[in-house]
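# Reading the structure
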Amino acid sequence: MMDPTPDGMMSDESDEALLVRYISGDTAAARLLTMRLTPVIYAYAYRMLGRSSDVDDIVQDAMLRLWKHAPKWRQDEAKVSTWLYRVTSNLCIDHMRKKKHDTIDQMPEIEDDQPLAEDRLQSRHQSQALHQALLELPGRQRQAVILRHLDGLANPQIADIMDISVDAVESLTSRGKRRLAELLSDKKEVLGYVR
Amino acid sequence: MSDKPGQKDDLEDMFRAARQHAPQPSQDLVARIMQDAMAVQPGHRRPLQWLRRSLIQKQGLSIAAGLTAAAIAGFYIGFMSPDLFGWTVLSGFENADYEISYGFSSGLNMFWEEV
């Protein structure tokens, strides 16, 4: 699994090995798993839903399910990250079904305390424009595009998470990207593209 | 299904930008997740758990002691003065003619039957 946090990078151990240590009562393993997995599924849920307050609850719920499921974990089971993505996906989809409202206007800006140089500002505008456009995609296309192009997962793992075939993943990502390109084409000049 | 060359590059730039500006969880959320991890971790001793367990054991002992004392007192009263016991308890029914009928209603409850 991608590991964007410095704390999570302090260990080369796999998620599965850390989970075994967690089950045996190792507090450090719990901390490493938290620091490694939480940012990943937080970013994923945030991109899926675009609502920060609900995202916190969903991420906490998903991680709690991991802790509770840990003693029943089998080594030959799916990867921890695949399992956790699947749980988070289901929670996000349930949430979207319950709250069928337009989330586009409620998309919060990503907080960033660092000073914004011009190219960094442009990069941030691009990121926010992409997030807005992602929220306009149908749920399954959005999910496939996020997992493939933002979380960097391979198609077979995405197929496992979404419980569909690899061909279906390719179809969803392809259609999702085409739709994204259409949605973003009007904003090219604003976003700094001079091609 | 193929993307136009310029379109593909633009999207790749935007994906790269989104990866750089990934939303991050708050410290508060991370702390709550760690608390959950500790709370359900197998074999994790929660603070003051020994005290709680000890109190439950002591409470169990005191309940057992209370029940034993009540049983002894009841037996003593019944054995030493059964007339007094009968008069006290049944005096409220002296003007009514009741018999206690044990049976099962449709709700499987015991019931009183007036005769």
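For the structure itself, look to the data block above.
Before going into details, it helps to say that this report is about the structure given with it.

Conventions adopted
- Residues numbered from 1 in each chain as written.
- Chains lettered and ligands numbered in written order.
- Predicted model: local features only at pLDDT ≥ 70, side-chain atom pairs only at ≥ 80, totals over all residues.
- Heavy atoms only, no water.
- Helix = DSSP H or I, 4+ residues; strand = E, 2+ residues; numbered from the N terminus.
- Contact = heavy atoms within 4.5 Å.
- Polar contact = N/O pair within 3.5 Å; in protein donor to acceptor, adjacent residues only side chain to side chain.
- Expected span 1.5 Å × (residues − 1).
- Buried < 20%, exposed > 50% of the residue type's maximum accessible area, 1.4 Å probe, protein only.
- Salt bridge = Lys/Arg side-chain N within 4 Å of Asp/Glu carboxyl O.
- Buried area = accessible area lost by both parts, 1.4 Å probe.

## Here's the deal with the environment of Thr-173 of chain A
All names here are of chain A. Among the secondary structure elements, Thr-173 is positioned in helix H8 (residues 166–185). When the C-alpha positions of Thr-173 and Arg-142 are compared, they lie 8.1 Å apart, and in sequence the two are 31 residues distant. Not counting the four nearest positions on each side in its chain, Thr-173 is found in contact with Ala-144, Val-145 and Arg-148. Polar side-chain contacts of Thr-173 include one of 3.0 Å to the backbone oxygen of Glu-170.

## Points about helix H2 (residues 27–40) of chain B
Here H2 of chain B spans 20 Å end to end across 14 residues, near enough to the 20 Å set by a 1.5 Å rise per residue. Restricting attention to buried positions, one finds in H2 of chain B the residues Leu-29, Val-30, Ile-33, Met-34, Asp-36, Ala-37 and Met-38 of chain B.

## Some details on the pattern of salt bridges
Under the criterion given, the structure shown has 10 salt bridges over all chains. The partner of Arg-21 of chain A in a salt bridge is Asp-26 of chain A, and the shortest N-O contact between them spans 2.8 Å. Arg-21 of chain A sits in the partly exposed class, given a relative accessible area of 23%. Among the residues examined, Asp-26 of chain A registers a relative accessible area of 23% and is labelled partly exposed. Between Asp-13 of chain B and Arg-16 of chain B there is a salt bridge whose closest N-O contact spans 3.1 Å. Here Asp-13 of chain B and its partner Arg-16 of chain B are both found in helix H1 (residues 5–20), three residues apart, which amounts to about one turn of the helix. Take Asp-13 of chain B: its relative accessible area is 22%, and that puts it in the partly exposed class. On the accessibility criterion, Arg-16 of chain B (41% relative accessible area) is partly exposed. Overlapping salt bridges bring together Glu-13, Arg-21 and Asp-26 of chain A as one network.

## Overview of the interface of chain B and chain A
The interface of chain B with chain A comprises 32 residues on the first partner and 47 residues on the second. Here chain B packs against chain A, burying approximately 3,600 Å² in sum over the two surfaces, 65% of which is carbon and sulfur. For the chain B face of the interface with chain A, the top three residues by lost area are Met-14, His-21 and Pro-23 of chain B, together amounting to 19%. Run the count over chain B and chain A and you get one salt bridge. Asp-56 of chain A is paired through a salt bridge with Arg-32 of chain B; the nearest N and O atoms lie 3.7 Å apart. The interface formed by chain B and chain A includes 11 residue pairs in polar contact (both at pLDDT 80 or more). Of all the secondary-structure elements, those providing two or more residues to the side of chain B that touches chain A are H1 and H2 of chain B.

## A word on helix H6 (residues 139–150) of chain A
Between its terminal C-alpha atoms H6 of chain A stretches 15 Å, which fits the 16 Å expected from 12 residues at 1.5 Å a residue. The buried count for H6 of chain A comes to nine of 12 residues, which makes it a mostly enclosed element.

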